[in-house]
Amino acid sequence: MSENTVVTSEPAAAAAPAGQPQPVLWLQAVVRTYRQAGAPLEILKGAEFAVWPGESVALMAPSGTGKSTLLHMAGLLELPDGGEVFIGGAATSKLPDSERTRIRRDEIGFVYQFHHLLPEFSALENVVLPQMIKGLTAAEARKRAAELLGYLGLGSRVHHRPAELSGGEQQRVAIARAVANAPRILLADEPTGNLDPKTADHVFSALGQLVRASQLAAVVATHNVDLAARMDRRVTIRDGQVVEV
Ligand code: ADP
Ligand code: MG
């Protein structure tokens, strides 16, 4: 690990005294190794990466370098083979599955390249559902869903089903759904990868507004240099390390 290129978090995340600012997401020396045709393939080799509340970070790296892998680690979708993932200062790798699932549901929102909205449900219902799963009443959930969709410029589209929406509108609904339960972290994996540049720009603006307004921490994997330039920081993955660019 070469010292000058590695993104060093304030190393205090775990040890930070209560009340002190700390990263909401901290990957500490994360190792991830896959097996391909029996041979180990080391994707992350002790990666360090910290993100602070209200901060947006673009993750830009060539295909196959480990962007999705990094987001899966951060989102507790996969366990690291080494190192630790801290969410809000708390180590997560040794927690029981039920607790990891709870953190994923309550603290982390995901947006993917393809929207994965439920086709039979309206935009509003797609944003209502995760809230009801969390235990909100239908009335509370509908109110927040309508507010979020309105905020993202979809006030006149709330009763449309995904197939009746444009690609950019679908992705904005997916963003609304991802933040429906007011997570602290938003992880987006090439969210505008399927969109034309103008629509991508729209979706990104909506995402940026939301991050600033809600003190979310956002990590967005993207190949779009213009969009990445508008985020607070840009990192890449080089030789299994997260490196500031
Ligand atoms: P990116 O998102 O940057 O394109 P990924 O994180 O998806 O890259 O993948 C990084 C590397 O790890 C690729 O070579 C990919 O083939 C490999 N990989 C990803 N997931 C698995 C898996 N479940 N099993 C084996 N290899 C995998
Ligand atoms: Mg990927």
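All values derive from a computational prediction rather than experimental measurement.

Draft legend 1. Geometry of the sheet that holds strand β5 (residues 90-91). The antiparallel open sheet is built from four strands, whose spatial order is β2-β1-β4-β5. Looking at strand neighbours, the two that pair on one side only are β2 (39-51) and β5, the edges of this open sheet. Judged from the five bridges that link them, strand β1 (residues 25-36) and strand β4 (residues 82-87) form a sheet pairing that is antiparallel. Each bridged residue has a counterpart across the sheet, and for Gln28 the counterpart in β4 is Glu84. Contacting β1, β2 and β4, helix α1 (residues 67-74) crosses the sheet at an angle of about 125 degrees to β1.

Draft legend 2. The arrangement of the nonpolar core in detail. Membership of the largest hydrophobic core comes to 39 residues, with the highest contact counts inside it found for Val111, Val127, Leu148, Leu149, Val173, Ile175 and Leu186. For this core, the secondary structure elements donating two or more residues are α3 (123-134), α4 (138-151), α5 (167-178), β7 (185-189), α6 (197-214), β8 (217-221) and α7 (225-229). Beyond its immediate chain neighbours, meaning those up to four positions away, Val173 contacts Leu117, Ala123, Asn126, Val127, Leu149, Leu154 and Leu165.

Draft legend 3. α3, seen in detail. Among all positions of α3, only Ala123, Leu124, Asn126, Val127, Val128, Pro130 and Gln131 are buried. Just beyond α3, the residue with positive phi is Gly135, at close to 120 degrees.

Draft legend 4. Summary view of the packing of α5 against α6. At a closest axis distance of 9 Å, the pairing of α5 and α6 adopts a crossing angle of 20 degrees. On the basis of their axis angle, the class for α5 and α6 is roughly parallel. Of the two elements, α5 crosses α6, and the hand of that crossing is right-handed. Taken together, the residues of α6 that come into contact with α5 (itself represented by Gly168, Gln171, Arg172 and Ile175) are Thr199, His202, Val203, Ala206, Leu207 and Leu210. Split into classes, the residues belonging to the contact of α5 with α6 amount to five nonpolar, four polar and one charged.

The rules behind the values
- Residues numbered from 1 in each chain as written.
- Chains lettered and ligands numbered in written order.
- Predicted model: local features only at pLDDT ≥ 70, side-chain atom pairs only at ≥ 80, totals over all residues.
- Heavy atoms only, no water.
- Pairing = 2+ DSSP bridges.
- Helix = DSSP H or I, 4+ residues; strand = E, 2+ residues; numbered from the N terminus.
- Contact = heavy atoms within 4.5 Å.
- Axes fitted to C-alpha atoms, helices over the stretch in contact; angles between N-to-C directions.
- Core = buried A, V, L, I, M, F, W, Y, C linked by side-chain atoms within 4.5 Å.
- Buried < 20%, exposed > 50% of the residue type's maximum accessible area, 1.4 Å probe, protein only.
- Parallel < 35°, antiparallel > 145°, perpendicular 65-115°, else oblique.
- Left-handed = near helix turned anticlockwise from the far one by under 90°.
- Nonpolar A, V, L, I, M, F, W, Y, C, P; charged D, E, K, R; others polar.

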